[in-house]
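Spelled out, the chains give:
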Amino acid sequence: MQYSTLGSSGLEVSRICLGTMTWGTQNDQQDANQQIDYALDKGINFFDTAEMYSIPPNAESYGKTEAIIGNWLAANPSRRNELILATKMAGSGLAYIREGSDISGDTVIQAVDDSLKRLQTDYIDLYQLHWPNRTSPHFGKHWPGKISISDVDSASESVQMLDILQAIDTCIKQGKIRHWGLSNETPWGINQYLRLSEQQSLPRPVSIQNEFNLLHSKDWPYLIENCVHEEVAYLPWSPLAGGVLSGKYLNNARPVGSRWTLVQRNGLFRDTEFTQAATREYVAIAEKQQITPAQLALAWCNQVDGVSSTIIGATSLAQLSEDMQAFELVLSDETLADINDVMRRYPVPF
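All residue numbers refer to position in the chain's written sequence, counted from 1. Local features in this predicted model are restricted to residues of pLDDT 70 or higher, and side-chain atom pairs are both shown and tallied only at a pLDDT of 80 or more, whereas totals for entire chains, interfaces and linings draw on every residue. With hydrogens and water stripped out, all remaining heavy atoms of the structure feed into the side-chain values.

S.K.: Lay out the sheet that holds strand E7 (residues 177-183) in plain terms, naming residues and giving numbers.
M.R.: The criterion for strand pairing is that DSSP finds at least two bridges linking the strands in question. Only runs of H or I of at least four residues qualify as helices and only runs of E of at least two qualify as strands under DSSP, and these elements are numbered from the N terminus. In spatial order, the strands read E9-E8-E7-E6-E5-E4-E3-E10; together these eight strands make up an open sheet with parallel pairing. Unpaired on one side and paired on the other, strand E9 (233-237) and strand E10 (310-312) mark the two borders of the sheet. Neighbour-to-neighbour, the strand axes of this sheet turn through a mean angle of 30°, independent of strand direction. Pairing of strand E6 (residues 124-129) with E7 involves five bridges; the strand directions are parallel. Across the sheet, Leu126 pairs through a bridge with His179, a residue of E7. Between N-to-C directions, angles cover 0 to 180 degrees, with each direction set by a line fitted to C-alpha atoms, over the stretch in contact for helices.

The following block contains the structure:
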């Protein structure tokens, strides 16, 4: 297993981060226990979850994944220091989580305490803001006209950010969290937090996780360059684009029990004719190299300059094993050229 430094934190994290959002809906406690044990045995020390998991998010599934991880930690208390555990607090928009309120200093304190109880631990290694209070240009909202950037009051947004930072500082001083990071953010959001943390002598964000994959590479190079030079670890989530890059959803296939058979909070916005066309070509490249389509997509993500650790998820040990093997692959110049040719023809498939 290879490891990277998590931004400015000094923590050494595995290049594979095990995502857990299926635990509680598609996977039960036994499945999760097996995945945690298997991952640790293979050298993975980085685990990512969120209070809003499992997915798809709803009032019934809220907190289930953290509780499952907490059950494992309670049964294995001596192994807590083997895990670098990351979780996230939800932003506004979900009525069943703090009545849909914005992230604020007060809600940070509340959310951290609630996560600690579910996780049955005294501290969280990396605490993240799942999405900003302003509308985030993610989940298919990156096209011009989808959001109104100029309607955001940057001054009031910065006041909110400072309030959040001060609460995070309180939690760090209390030993409840060690480091903090962002999710579904932009260069402006990253840099505002960096500026405020420097001005007010408050903790810097050490990481950001955004969607990044062969079908959605908009963070390269501008946001990732920002991360590299500011020592903010870049953590791709959904490196398989919601599973489509595995090839299993080609030709409108919907395998029993797969994620796309479940109700999606944001709809199947990744399922377009261009996504299907690009995926067919990536599948062909993988077949040419005698690897699986998922392994091609993950190996590509791992080799992108500036990527610190890639968040993967699996509903079975077989899937997890297959995906982990991708991080041992070195894609040839010919394969990368083939990939680049497809990316040029399908730069923004969804």
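S.K.: Now, about the environment of Glu281: what can you tell me, with residues and values included?
M.R.: By secondary structure assignment, the location of Glu281 is in helix H7 (residues 273-289). For the exposure calls, accessible area comes from a 1.4 Å probe over protein chains only, and a residue counts as buried if that area is under 20% of its type's maximum, exposed if over 50%, partly exposed in between. With a relative accessible area of 24%, Glu281 lands in the partly exposed category. With 195 residues separating them along the chain, Glu281 and Ala86 place their C-alpha atoms 35 Å apart. By the convention used here, residues are in contact when the closest approach between their heavy atoms is within 4.5 Å. Those residues in contact with Glu281, other than ones at most four positions away along the chain, are Val342, Arg345 and Tyr346.

S.K.: So what's going on with the pairing of strand E8 (residues 205-211)? Residues and values would help.
M.R.: The buried count for E8 comes to seven of seven residues, which makes it a mostly enclosed element. In this structure, E7 lies alongside E8, joined through three bridges in parallel fashion. Paired with Trp180 across the bridge in E8 is Pro205. Here E8 pairs with E9 via five bridges, running parallel. Bridge pairing in E9 places Gln209 opposite Leu235. Handedness of the crossover joining E8 and E9 through helix H6 (residues 222-230): right-handed. Look down the strands so they point away from you; if the path from the first strand over the helix to the second goes clockwise, the crossover is right-handed.

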